[in-house]
Amino acid sequence: MKEQKDLKILAIVGMSGSGKSIAVNYLADHGFPKVHFGNMIYREMAKRDIERTPDGKSEKAFREMIRETEGKDWVAKQAIAETKDLIAAGQKRIVLDGLYSWTEYREFLHAFPGALTLVAIVTPKKLRYARVAKRPNRPFDSNAIRDRDYSEIENMEKGGPIAMADYFIINDSNVDELQSRLQAILREIDF
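This report concerns the structure included in the present document. All of these numbers come straight from a predicted model, not from anything done at the bench.

## A few points about the packing of aromatic side chains
- Tallying each qualifying case throughout the model produces 4 aromatic pairs.
- Where Phe 37 meets Phe 108, the ring centres are 5.7 Å apart and the plane angle is 35°; that geometry is what we call tilted. One end of the pair, Phe 37, is in helix H2 (residues 37–47); the other, Phe 108, is in helix H5 (residues 102–111), with 71 residues separating them in the sequence.
- Taken together, a centroid distance of 5.3 Å and an interplanar angle of 45° make the contact between Trp 102 and Tyr 105 tilted. A residue pair is termed a helical-turn pair when its members lie 3 or 4 positions apart in one helix, as Trp 102 and Tyr 105 do in helix H5 at 3 residues.
- What makes Trp 102 partly exposed here is its relative accessible area of 30%.
- On the accessibility criterion, Tyr 105 (9% relative accessible area) is buried.
- Here the aromatic cluster, defined as three or more aromatic residues joined through ring pairs, consists of Phe 37, Phe 108 and Phe 112.
- Sitting over the ring of Tyr 42, Arg 52 keeps its end group 3.5 Å from the ring centre.
- One Lys or Arg, Lys 158, reaches over the ring of Tyr 100 and ends 4.1 Å from the middle of that ring.

## Some details on the pattern of salt bridges
- Using the criterion set out here, one finds 15 salt bridges in the structure.
- Glu 64 is the salt-bridge partner of Lys 60, the closest N and O atoms lying 3.5 Å from each other. Of this pair, Lys 60 and Glu 64 both sit in helix H3 (residues 57–70), 4 residues apart, which is roughly one turn of the helix.
- Of the charged contacts in the structure, one is a salt bridge between Glu 157 and Lys 72, with a shortest N-O distance of 3.4 Å. In this pair, Glu 157 is assigned in the loop between helix H7 (142–154) and helix H8 (159–163) and Lys 72 in the loop between H3 and helix H4 (74–88), connecting sequence segments 85 residues apart.
- By relative accessible area, Glu 157 is classed as partly exposed at 22%.
- In the salt-bridge network here, residues are joined through shared partners; they are Glu 44, Lys 47 and Arg 48.

Each value, and the rule that gives it
- Residues numbered from 1 in each chain as written.
- Predicted model: local features only at pLDDT ≥ 70, side-chain atom pairs only at ≥ 80, totals over all residues.
- Heavy atoms only, no water.
- Phe/Tyr/Trp six-rings, centres within 6.5 Å; stacked < 30°, edge-to-face > 60°.
- Helix = DSSP H or I, 4+ residues; strand = E, 2+ residues; numbered from the N terminus.
- Buried < 20%, exposed > 50% of the residue type's maximum accessible area, 1.4 Å probe, protein only.
- Lys NZ or Arg CZ within 6 Å of the ring centre and 35° of its normal.
- Salt bridge = Lys/Arg side-chain N within 4 Å of Asp/Glu carboxyl O.

Scope: geometric values only; no functional claims are made or implied.
Okay, structure coming up:
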């Protein structure tokens with residue numbers, strides 16, 4: 001896709017429990033359309049009649065399987081198509097929810113030159129683990145979240161986009177502070 005000077009795509013990246021969903025929901029609540037990478041997985045699971053389990057294990061297994069069998073770029077290709085649909089509908093500010101891998105990052109850079117900005121939300125591990133343990137949906141104990149961290153780094157290439165982020169938000173306080181730090185970035189990049 002030819003570079004569009006007024007197009008801005010913001011990807012929120014970070015480890016589980018860092019506050020990504022809070023940031024993405026804040027942006028969506030302020031009218032920015034989002035492309036949720038997980039939806040690509042959920043839709044394909046539904047097409048294949050694969051049940052989503054409450055513990056998330058079926059999704060994890062499917063996510064890893066689809067990338068292995070269809071290519072590491074499979075999810076990115078689906079998300080790029082959805083992003084292009086939003087652009088065709090006139091959207092100029094789009095939020096990516098769930099960009100995980102180095103491959104996905106590279107695919108978006110190629111598809112939308114000059115438009116992608118990565119914001120990494122970083123939270124101390126002990127605090128992330130405490131947050132994830134208290135989640136109302138799919139809480140994890142410290143062993144399960146550690147295993148998930150390892151899996152996402154080793155199997156999903158999740159560390160690359162975090163390392164390459166254009167901006168970092170240290171989320172070690174409360175929701176208001178996270179939103180305030182995000183607003184400062186939005187002003188700086190004219191999002």
